[in-house]
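Listed here are the chains, written in short residue letters.
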Amino acid sequence: MRIIQAANYDELSARAAEILVAQVLLKPKSVLGLATGSTPVGAYQKMAEVCRAGRVSFSECHTVNLDEYVGLGPGDEQSYHTFMWENLFSHIDIPAEHTNLPDGKNLDAAAECARYDKVIADFGAIDIQILGIGHNGHIAFNEPADYFAAGTHHVELDESTIEANRRFFSSREEVPKSAYSMGLAPILHAKRVLLMVSGEAKADVLYKSLTGPITPQVPASILQLHSDLIVIADEAAAGKLA
Ligand code: GLP
């Protein structure tokens, strides 16, 4: 595990973008595992700047996103699909057909989870997987549970996750109560994982995830088993790490 400490969010975003751009320069046909949430937004902006300046092209990349709310999809302002287009895809030169997210509009959960697992499996392995972390230790929408879920699954969101994500919706009632989430197998099989963590509110859960027991009660703790994990944390988030 490598821990890169950044002074602040801006530096964290710059470091993460440098690694992602380097990945694509070295392997233009990379499969990028992408995340939503506020943490990667700065890195996405910086990747777009480098692309606009003509110093990297994403035209041969493919992307797989971690998750999507059940019931939401393209055209819904709060969907992760819309989030990815607003924050990254429309600012870089990636063809739309190279981007992949679970289809939240498909209410046949078994069929959608199987479809998405096949999308991921057909790529072989993800070259680099970006992750944020929830306050309860969730990665993607793998919530604290009694077991680690390997494949894409339909998750009932934790009360704390609904509360944390409420800020993106006009009322709590509008926050979807469930999601389709990539499982932990493709994350563990990704060639490299880049975990981005910002802010004091994440310091405890980051410390627990990296130094505590590996337990499905803290889903991110499974990342301790990954052979190429890079953690980029700003000073506030890294506060409890030695
Ligand atoms: C969401 C997403 C996760 C994300 C996490 C943290 O629920 N499903 O992929 O990492 O919350 O989000 P943020 O970066 O906004 O703190």
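Residues numbered from 1 in each chain as written. Predicted model: local features only at pLDDT ≥ 70, side-chain atom pairs only at ≥ 80, totals over all residues. Heavy atoms only, no water.

Caption draft 1: Structural view of the side chain of T99. The residue T99 is located in strand 5 (residues 99-100) in this model. Polar contacts involving the side chain of T99 include one to the main-chain carbonyl oxygen of A96, which spans 2.7 Å. T99 has contacts with T63, W85, F89 and I94, leaving out every residue within four places of it along the chain. (Helix = DSSP H or I, 4+ residues; strand = E, 2+ residues; numbered from the N terminus. Polar contact = N/O pair within 3.5 Å; in protein donor to acceptor, adjacent residues only side chain to side chain. Contact = heavy atoms within 4.5 Å.)

Caption draft 2: Focus on the nonpolar core. Of all hydrophobic cores here, the largest spans 74 residues; its most connected members are Y44, F58, L195 and L223. Sequence-distant contacts of L223, defined by excluding residues within four places in its chain, comprise L131, I139, I187, V193, L195 and L229. (Core = buried A, V, L, I, M, F, W, Y, C linked by side-chain atoms within 4.5 Å. Buried < 20%, exposed > 50% of the residue type's maximum accessible area, 1.4 Å probe, protein only.)

Caption draft 3: Expanded view of the site of the ligand. Not every one of the 13 residues close to the ligand is listed here, only the nearest: S38, T39, D67, R167 and K202. Between the ligand and H138 there is a distance of 3.2 Å, counted from an oxygen atom to a side-chain nitrogen or oxygen. N165 is positioned such that a nitrogen or oxygen atom in its side chain is 3.3 Å from an oxygen atom of the ligand. Calculation on the ligand without its partners gives an accessible area of 390 Å², and the protein chains cover 94% of this total. When grouped by side-chain class, the residues that make up the shell around the ligand number four nonpolar, six polar and three charged. (Near = heavy atom within 4 Å. Areas by Shrake-Rupley, 256 points an atom, 1.4 Å probe, with all protein chains shown as cover. Nonpolar A, V, L, I, M, F, W, Y, C, P; charged D, E, K, R; others polar.)

Caption draft 4: Here's a closer look at the packing of aromatic side chains. Under the definition given, this model contains five aromatic pairs. An angle of 45 degrees between the planes, with centres 5.8 Å apart, marks the rings of Y69 and F141 as tilted. On the criterion of sequence distance, the pair formed by Y69 in strand 4 (residues 67-69) and F141 in the loop between strand 6 (128-131) and strand 7 (153-156) is long-range, its members being 72 residues apart. Across the pair, exposure class does not vary: Y69 and F141 are buried alike. Members of the aromatic cluster, connected to one another through ring pairs, are Y69, Y80, F141 and F169. (Phe/Tyr/Trp six-rings, centres within 6.5 Å; stacked < 30°, edge-to-face > 60°.)

Caption draft 5: Here's a closer look at the sheet that holds strand 9 (residues 193-197). Spatially, 1-10-9-6-2-3-5 is the arrangement adopted by the seven strands of the open sheet, whose pairing is parallel. Looking along the sheet, the strands with just one partner apiece sit at the ends: strand 1 (2-6) and strand 5. (Pairing = 2+ DSSP bridges.)

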